[in-house]
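Notes for the structure review
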Amino acid sequence: MKLKTFSMGGVHPPENKLSAREPIQALPLPKEVAIPLSQHLGAPAKVVVNKGDAVKVGTLIAKGESFISANIHSSVSGTVQKMDEVMDASGYKKMAVIISVEGDVWEESIDRSPDLKRECKLEPQQIVEKMKEMGIVGLGGATFPTHVKYMMPPGKTADTLVINAVECEPFLTADHRLMLERTQEILVGVEIMMKAAKVDRALIGIEANKPDAIEVMSRALTDFQGIEVIPLKVQYPQGAEKQLIKALLNREIPSGKLPLDVGCVVNNVGTAFAIYEAVQKNKPLIERVVTLTGKNLAKTANFLARTGVMANTMLTALGIDMPADTAKLISGGPMMGKAISSLTIPVTKGTSGIILMDAKEARRHKAQSCIRCGRCITVCPMGLSPYFLKILADKDQFEVCESERITDCIECGSCAYTCLATLPLLDHIRYGKTTVMRLARERSQK
Amino acid sequence: MSSVIIYSVVTMSVIAAFAAMILFFVAKKFRVDEDPRIDEVAALLPGANCGGCGYPGCRGMAEALVAAADQGDISSLLCPPGGLDTMSAIAGVLGFAAVTQESTIAVLRCQGSCEHAPSKLTYQGPQKCAVAHVVFAGENGCAYGCLGLGDCVSACKFDALSIDEKTGLPVVDPEKCVSCGACVKACPRHIFEMRPKGRKDRRVWISCMNKERGAVAKKNCAVACIACGKCAKTCPEKIQAITIENNLAYIDTKKCIACGMCVPVCPTGAILATFEPPKPKAKEVAAVQAETADNAAVKG
Amino acid sequence: MSANHKLIVSLSPHEKGQDSTQKIMWTVAIALLPALLAGTWVFGLAALKVTLLAVIFCVGLEYFVQRFMLKTEVTVSDGSAAVTGILLAFNVPAGIPWWQLLVGSIAAIGIAKMTFGGLGKNPLNPALIGRVFMLASFPVHMTTWPVPMQNLLSLGVDGKTSATALGMLKEAKGALSTISLPNHMDLLLGKIGGCIGEISAIAILIGGIILLLRKVITWHIPVFYLSSLFAFTGVLWVMNPGKYADPLFHLLAGGAMLGAWFMATDMVTSPMTVKGQIVFAVLGGVLCGAIRLFGAYPEGCSYSILIMNAFVPLIDKMMKPKAFGKEVNYGGQ
């Protein structure tokens, strides 16, 4: 049977799902956490606690005030020490709340029982409110505040909920393990999301390299109405929302538009789980599954880590040291993740994995002359011409960049991955893209 | 004479006459009447089209000057490469008194050299400051300091900037700098500033942009400004040119008299001057060092 | 910081595919070996000598220009100059004097490649420019083909010459009954006169399949070029079999196979999208046929490819891939 996939472009990097068999384990609590105020797209949350305040797990510590923002809750119980700037995955220091950990006391309103709660009596509007209250953001990596996605502008409706369980990035296995171990909860979460989006159809896209997850999720569907599991061809970037919608529904989102414009709401499967816990168990988003992996590591793992915990505690929990040959640390996946300067950065809502790469893997070969092989054009899932965009960005030709649709670039990295001459295509395209967007903003402000 | 020659001459003459008539009519019909002063002023301008005046090329500046002259005031316009001589000549042509504006020079407000701010990471990617700035804080860890990849050098059309191999920082050649401001625009961290050249070429500036707390700043760079405030206290009461804001000191060019007394007083050496500063008395130095040590212990 | 290294920070992606320019060039060189063997089998060590000389000249010239004239980085290790040398040698007769080969190499590397900026920047195929330059400058030597299967062990060639299949065709001036053309089997295996690399169609085909399997090239250019040539000559042959040779003859004779599989597929000078490649190949095939049948030269393959090379920037501009989301295929709102 031919598997569904998107029709244009894509590459197939080695999957390296080294941690696929590691069950999710809880990361032991540290002595101190640093919870950043900006763990989401949009304006940072405004802190609502003061130095010396006692907090429990789930206490609101920062409120999202603007339209696109999210609440932040304490992931530990203890005392607020101070506010300080802490290095995070962006390469710069950001404001965070430092809390010293004392015990593990949770807010009384949170239901900690492990039983599955199937029924949800809330109205769609109430569900969206709950998402906002509990600080739910997209856990696929983009961390877009979820409640905003469900607040549809008048005149726009959805007919399908798309659940992104693809996890197309190499090395990452957090979503995979979640599907194997929390199947029922995820499906209840999907049901709740269908109610909030007012749709009666949900499609869960899973890449074919996770046959056990496909099996487990499909078998569990018998109890649920309107949900389908669709296996997809293993092709990067299958998990990019535009490509996913194309693969599942054969609808193409026009340039500059959103999934809602083609009648879809897209969410990551981890977000579905978080929504289940938020709506059914009253639990805010304070922890997530993070994959710790790397070819040189003696052990790999999938940790359930609280936000604010330093990434290096994961190595300590496994009882291993950073391999001496490590040359690069990545937060996220190897195709779109960020290279970080140390492991002393806090886990945030958007941290899907931490990868340790050795010198040989991390080494970038010297860029040579472009030989116009055209492979970058063939693999671009958005139908762009990366070699041309690079030349334009290099020469600061930003108007031509804009007319060549540089803003359509989803920054998947397929072009740079394929380039025969090892040109850092995406680096230059990003420079062009951010400048074009900045110039467009300045134009609209005038 | 052969008929071929006669016919050729006649035909060519007719064509030439026809073409001449067309040209004459077109030249008359599409003639653009320009103020002749624009040509005069444009002839006086350097012709480098650097854009330092803020107008599109020297022609644009000439048009702006003539327009301003009609308004009655050309003092707000300055051609930095041309300098005061050019502006005086132009003023003469347009019927104004000579313009007096202070000449400025580009100043780099960072000393994060390889020695003072050793690199802890390796950056791989396009050697462009604009790109590296997006990736991370910098190889030495200071998010405000110079990245050393030379966007300023590429932007300078007058060959006044070059990266010093030993320090990794850009160096301004005072002979060549014409204050066009291209480096100020090119630097993604706004480290360059146009400061007045100063009387007898004397100028003093805080060579640091770091807005982090002193202890944190010093972790990355040995000569960072730690906002101890000694310089502000040393600046004479009547002058008060130095302000401390956001953990960073700044010398106001309008007030600074370039006496240089703040330079030796700075415990980290973050203040630079283009001249030899006056040596403080030994007692003063000891007092400054003691007080700085106290402050560091308190702030922690 | 880890024990051994300062950590590397860069923008994503942090992984890289395995292919590189060098690997591609080496694969092309290996794919050309069957044709080299066939040429040596038919023309002897002279063929090997000419090929080796061409490679030495081309690589040496590139090194010289980069190191001493331009004073930039030397990039001969990427293998592109070596491949150009082999292809240049394949386009000349085995008896070519070494100094003419040097002139051709200067045209190929010096003029066609380095003046434009080196690898990746040349608009026209360097090996073909070298061959065409030599053909225009040394017409006699470039059309003096040694007799096949003679004097195989000598490094030079004796004075006897033979004609190529296409040469015979052109001489016949439309009266096919007066000549006896080589049969298809001879053309396939290579028992005919011609340039070193173009004689054995089957050796070239083997090389072409190697390129396809290693994913160096895609099938579009060779298949469409040859099909278009086949169709063009086929139509005319059907109309007048006494005047025109059959299309299979045209496919196997001359440089069409070498051109379609190795010269037209050169990445630098061919279009970057599949749609563009098809247009490029189809027009090239027609041009080749037209020059062969109606032009002054017996062989039109080199010129057809060079002419189409000149159109590549226009083809690239017009044949961009379809933008994602351009077509609105959802009207549910």
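The structure displayed is predicted, hence computed values, not measured ones.

Turning next to the overall build of chain C. Summing up its helical and strand segments, chain C has 15 helices and 3 strands in all. Its C-alpha radius of gyration of 22 Å places chain C within 12% of the 20 Å reference for a compact globule of 333 residues. Per-residue burial for chain C yields a buried fraction of 54% across its 333 residues. Excluding contacts between residues fewer than 6 apart, the proportion of contacts in chain C whose partners are at least 24 apart in sequence is 74%. Charged side chains in chain C number 22 positive and 14 negative. The centres of these two groups are separated by 5 Å.

Residues and elements named next belong to chain A. One open sheet accounts for 6 strands, arranged β1-β14-β13-β17-β15-β16; its pairing is mixed. A strand with exactly one partner marks an edge of an open sheet, and here the two such strands are β1 (24-26) and β16 (338-340). The sheet shows a mean angle of 30° between the axes of neighbouring strands, taken without regard to direction. Direction of pairing for strand β13 (residues 287-293) relative to strand β14 (residues 301-306): antiparallel, over a ladder of 6 bridges. Bridge assignment links Glu-287 to a residue of β14, and that residue is Arg-306.

Moving on, we come to the side chain of C:Glu62. All names here are of chain C. Looking at where Glu-62 falls in the secondary structure, it is placed in helix α3 (residues 45-69). Since its relative accessible area comes to 1%, Glu-62 is described here as buried. Glu-62 has contacts with Thr-75, Val-76, Ser-80, Ala-81, Ile-109, Lys-113 and Met-114, leaving out every residue within four places of it along the chain.

Attention shifts here to the packing of α3(C) against helix α4 (residues 80-90) of chain C. For any two helices packed against each other, one specifies the inter-axial angle together with the distance between the axes. Residue and element names in this part refer to chain C. Contact geometry of α3 with α4 gives a least axis separation of 7 Å together with a crossing angle of 140°. When the axis of α3 is compared with that of α4, the two are oblique. By crossing handedness, the relation of α3 to α4 is classed as right-handed. Of the residues in α4, those in contact with Val-50, Thr-51, Ala-54, Val-55, Cys-58, Val-59 and Glu-62 of α3 are Ser-80, Ala-81, Ala-82, Thr-84, Gly-85, Ile-86, Leu-88, Ala-89 and Phe-90. For the contact of α3 with α4, the class distribution of residues is 11 nonpolar, 4 polar and 1 charged.

Once that is clear, we can look at the pairing of strand β11 (residues 227-232) of chain A. Regular strands place side chains that alternate from one sheet face to the opposite one. All names here are of chain A. Bridge analysis of strand β10 (residues 202-207) against β11 gives 6 bridges, and the strand direction is parallel. Among the inter-strand pairings, Ala-202 is bridged to a residue of β11, identified as Ile-227. Taken together, β10, helix α5 (residues 211-220) and β11 constitute a β-α-β crossover, and its handedness is right-handed.

Turning our attention to the interface of chain A and chain C. Listed by partner, the interface residues are 75 residues for chain A and 43 residues for chain C. Summing both partners gives a buried area of about 4700 Å² for chain A against chain C, and 53% of it is carried by carbon and sulfur. In terms of surface lost to chain C, no three residues of chain A exceed A:Glu252, A:Ile371 and A:Arg372, which account for 15% of the buried area on that side. Between the two partners, chain A and chain C, sit 4 salt bridges. Linking chain A with chain C are 21 residue pairs in polar contact (both at pLDDT 80 or more). Those elements giving two or more residues to the side of chain A that touches chain C turn out to be α6 (241-249), β15 (326-331), β16, α9 (359-362), α10 (375-379), α13 (414-418) and α14 (425-445) of chain A.

Another point: a nonpolar patch on the surface. Residues and elements named next belong to chain B. On the surface, Phe-18, Met-21, Ile-22, Phe-24, Phe-25, Val-26 and Phe-30 cluster together into a nonpolar patch covering about 780 Å² of accessible area. Looking at the element boundaries, Met-21 is found in helix α1 (residues 3-29). Taking the relative accessible area as the measure of exposure, Met-21 reaches 46% and is therefore partly exposed.

Here we come to the packing of helix α1 (residues 124-133) of chain A against helix α4 (residues 183-197) of chain A. Residue and element names in this part refer to chain A. Between α1 and α4, the shortest axis-to-axis distance is 7 Å and the interhelical angle comes to 115°. For the pair α1 and α4, the crossing hand works out as left-handed. In this structure, α1 uses Pro-124, Ile-127, Val-128 and Met-131 to contact α4, whose residues at the interface are Ile-192, Lys-195 and Ala-196. The class makeup of the residues in the contact of α1 with α4 is 6 nonpolar, no polar and 1 charged.

Thresholds, definitions, all that
Residues numbered from 1 in each chain as written. Chains lettered and ligands numbered in written order. Predicted model: local features only at pLDDT ≥ 70, side-chain atom pairs only at ≥ 80, totals over all residues. Heavy atoms only, no water. Helix = DSSP H or I, 4+ residues; strand = E, 2+ residues; numbered from the N terminus. Rg over C-alpha atoms; globule rule 2.2 N^0.38 Å. Buried < 20%, exposed > 50% of the residue type's maximum accessible area, 1.4 Å probe, protein only. Contact = heavy atoms within 4.5 Å. Lys, Arg positive; Asp, Glu negative; His and termini not counted. Charge placed at Lys NZ, Arg CZ, Asp CG, Glu CD. Pairing = 2+ DSSP bridges. Axes fitted to C-alpha atoms, helices over the stretch in contact; angles between N-to-C directions. Parallel < 35°, antiparallel > 145°, perpendicular 65-115°, else oblique. Left-handed = near helix turned anticlockwise from the far one by under 90°. Nonpolar A, V, L, I, M, F, W, Y, C, P; charged D, E, K, R; others polar. Right-handed = clockwise from strand over helix to strand, strands pointing away. Buried area = accessible area lost by both parts, 1.4 Å probe. Salt bridge = Lys/Arg side-chain N within 4 Å of Asp/Glu carboxyl O. Polar contact = N/O pair within 3.5 Å; in protein donor to acceptor, adjacent residues only side chain to side chain. Patch = residues over 30% accessible without salt bridge, like charges linked within 9 Å, V, L, I, M, F, W, Y side chains within 5 Å. Areas by Shrake-Rupley, 256 points an atom, 1.4 Å probe, with all protein chains shown as cover.

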